[in-house]
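Each chain, written out:
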Amino acid sequence: MPALPLLLLLSALPCADRAAVAQRLEETARARPQDFNAEVNRLVEQLEGVPLPPGSSGQSPVDRARQLTVYLDAVCALEEQQGQDVAPQVESEPERLRAILDRPEFARARQRNSDVVTRLLRELGLWLEGLFESRGAQGFAVATRAVMLGVALAVVLFGVLRVRWRRGRKRAVTATGAPGEAPPLELDTPGEHLGRARTALETEDAREAIREGLLGLLSTLEQRRLARPDRVKTNRELAAELPSRGAPPRVTGEVERLVGWYDQAFYSLEPVPRDEAARFVESVEQLHGSLAEGRP
């Protein structure tokens, strides 16, 4: 039937679990911003062809998560409307096709391809009428014509969605730089991050202290051109790149130890002990001091 391709496209959306998807996006954006792009890619795979709206320049992961939640709700609302609109009874397949093409969402496709669709309908009608002249074959002729019209509609709709997806991807590449390269993580100076870590220790917020300590470590590596932190790479991936950027073995080993302890402590469900958080911040300060003095 002509409306079937559109319903098959929308049925791939994760609408049944959109509340869970929205919650997972926001929690990842808040607690693990470095893993946020992986969650966005997972959503893209679930959508199976439906493009995501482009993000704005300087948009934080939390704002991006909220934007995707609003977009997902809107697309799922369209899915529900499509399911309701296909139900009304019409007398014939051509009238069903016209009812679908008269919807507002197909206005652009109707304007761009009206001549092509009309000509295709006319040619198919003449060919089928000549092929099936007997009355007994009329039912099969009508069914064949409906299938062909459905395929034509699916091709037109796929072309429109493909063009929109390519334009959105082009705008996203222009905003973020070279394709495949994530924007750098915006960090303050190591001293500012380590100062906030000490303040968090005084207020007994050990989890915030180690988070600021890690940011201070990343800022130190970035200043020494030993790493390029961004929102896609994990801490262990950054540590693995240190030798290729000229980091001494002692620095590489210490960074691997610190990020390994941080990942285990920060993402654990257990509270972070204050004395262990203090030792972590002190180790970061010592590493920062040795790199600032130029010691290998």
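Residues numbered from 1 in each chain as written. Predicted model: local features only at pLDDT ≥ 70, side-chain atom pairs only at ≥ 80, totals over all residues. Heavy atoms only, no water.

Trainee: Help me understand the overall build of the chain in this model?
Mentor: Looking only at helices and strands, the chain features twelve helices and zero strands. In the chain, the succession of α and β elements from N to C terminus is α-α-α-α-α-α-α-α-α-α-α-α. Considering the chain as a whole, with its 296 residues, one finds that 35% of them fall into the buried category. Partitioning the intrachain contacts of the chain with sequence separation of at least 6 by distance along the chain shows that 67% fall at a separation of at least 24. (Helix = DSSP H or I, 4+ residues; strand = E, 2+ residues; numbered from the N terminus. Buried < 20%, exposed > 50% of the residue type's maximum accessible area, 1.4 Å probe, protein only. Contact = heavy atoms within 4.5 Å.)

Trainee: How should I be thinking about the pattern of salt bridges in this particular structure?
Mentor: When the charged atoms of two side chains with opposite charge come close together, those side chains can pair. Here the structure, examined in full by the defined rule, presents 13 salt bridges. Residue Arg32 pairs with Asp35 through a salt bridge whose shortest N-O separation is 3.5 Å. Overall, the relative accessible area of 29% leaves Arg32 in the partly exposed class. Salt-bridge contacts for Glu241 lead to Arg245; the nearest nitrogen and oxygen are separated by 3.9 Å. Glu241 gets classed as partly exposed once you look at its relative accessible area, which sits at 23%. (Salt bridge = Lys/Arg side-chain N within 4 Å of Asp/Glu carboxyl O.)

Trainee: Just checking my understanding: could you explain the packing of aromatic side chains for this structure?
Mentor: The relation between two aromatic rings is expressed through the spacing of the ring centres and the mutual angle of the planes. Tallying each qualifying case throughout the model produces five aromatic pairs. A centroid spacing of 5.1 Å and a plane angle of 15° characterise the contact between Tyr262 and Phe266, whose relative ring orientation is stacked. Remark: Phe266 and Tyr262 occur in helix 11 (residues 249-266); sequence separation between them is four residues, near one turn of the helix. With respect to class, Tyr262 is no different from Phe266; both count as buried. For the pair Phe266 and Tyr267, a centre-to-centre distance of 5.3 Å together with 90° between the ring planes defines the contact as edge-to-face. Residue Phe266 is classed as buried on the basis of its relative accessible area of 11%. Members of the aromatic cluster, each reached through a chain of ring pairs, are Trp261, Tyr262, Phe266, Tyr267 and Phe280. (Phe/Tyr/Trp six-rings, centres within 6.5 Å; stacked < 30°, edge-to-face > 60°.)

Trainee: What am I meant to see in the nonpolar core here?
Mentor: Residues Ile210, Leu217, Leu221 and Val255 are the most contacted members of the largest nonpolar core, which totals 34 residues. Among the secondary structure elements, those contributing two or more residues to this core are helix 8 (190-202), helix 9 (206-223), helix 10 (235-240), helix 11 and helix 12 (274-292). The greatest single-element share of this core, amounting to eight residues, is contributed by helix 9. In contact with Leu221, other than residues within four places in its own chain, are Leu226, Ala227, Leu242, Val255 and Leu291. (Core = buried A, V, L, I, M, F, W, Y, C linked by side-chain atoms within 4.5 Å.)

Trainee: Just checking my understanding: could you explain the packing of helix 11 against helix 12 for this structure?
Mentor: Helix-helix packing is described using two parameters, namely the angle between the two axes and the distance between the axes. At a minimum axis distance of 11 Å, the contact between helix 11 and helix 12 shows a crossing angle of 155°. It follows from the interaxial angle that helix 11 and helix 12 lie roughly antiparallel. In the crossing of helix 11 with helix 12, the sense of the turn from one axis to the other is left-handed. On the side of helix 11, the interface is formed by Arg250, Val251, Glu254, Val255, Arg257, Leu258, Trp261 and Tyr262, while helix 12 contributes Glu276, Ala277, Phe280, Ser283, Val284, Leu287, Ser290 and Leu291. (Axes fitted to C-alpha atoms, helices over the stretch in contact; angles between N-to-C directions. Parallel < 35°, antiparallel > 145°, perpendicular 65-115°, else oblique. Left-handed = near helix turned anticlockwise from the far one by under 90°.)

Trainee: How should helix 2 (residues 18-31) be read in this particular structure?
Mentor: For the α-helix, the turn length of 3.6 residues means that residues three or four positions removed from each other point alike. The end-to-end C-alpha distance of helix 2 is 20 Å, a good match for the 20 Å that 14 residues give at a rise of 1.5 Å each. Among all positions in helix 2, only Val21, Ala22, Leu25, Thr28 and Ala29 are buried. When helix 2 is viewed along its axis, its buried side chains cluster within an angular range of 135° and face the same direction. (Expected span 1.5 Å × (residues − 1). Arc of directions from axis to C-beta.)

Trainee: Would you take a moment to explain a nonpolar patch on the surface for this structure?
Mentor: Nonpolar side chains collect at one region of the surface, where Val147, Val151 and Val155 lie side by side and expose about 260 Å² of accessible area between them. For Val151, the position within the fold is in helix 7 (residues 138-176). Here Val151 falls in the partly exposed class, since its relative accessible area comes to 47%. (Patch = residues over 30% accessible without salt bridge, like charges linked within 9 Å, V, L, I, M, F, W, Y side chains within 5 Å. Areas by Shrake-Rupley, 256 points an atom, 1.4 Å probe, with all protein chains shown as cover.)

Trainee: Even after reading the chapter, I still don't get the environment of Pro51, so can you show me in this structure?
Mentor: Within the secondary structure layout, Pro51 lies in the loop between helix 3 (36-47) and helix 4 (61-85). Distance in space between the C-alpha atoms of Pro51 and Arg164 is 7.8 Å, their sequence separation being 113 residues. Excluding anything up to four places from it in sequence, Pro51 contacts Tyr71 and Trp165.

Trainee: Any chance you could explain the confidence of the model for the chain here in plain terms?
Mentor: When pLDDT drops low, the exact placement of atoms in the prediction is not to be read closely. Residues of the chain with pLDDT of at least 70 account for 70%, and the chain-wide mean is 75. Summarising per-element confidence for the chain, the mean pLDDT is lowest in helix 1 (residues 4-10) (43) and highest in helix 8 (91). Every residue in residues 1-11 is under pLDDT 50, and counting partners more than four places away or in other chains gives 25 contacts. (pLDDT = per-residue confidence, 0-100.)

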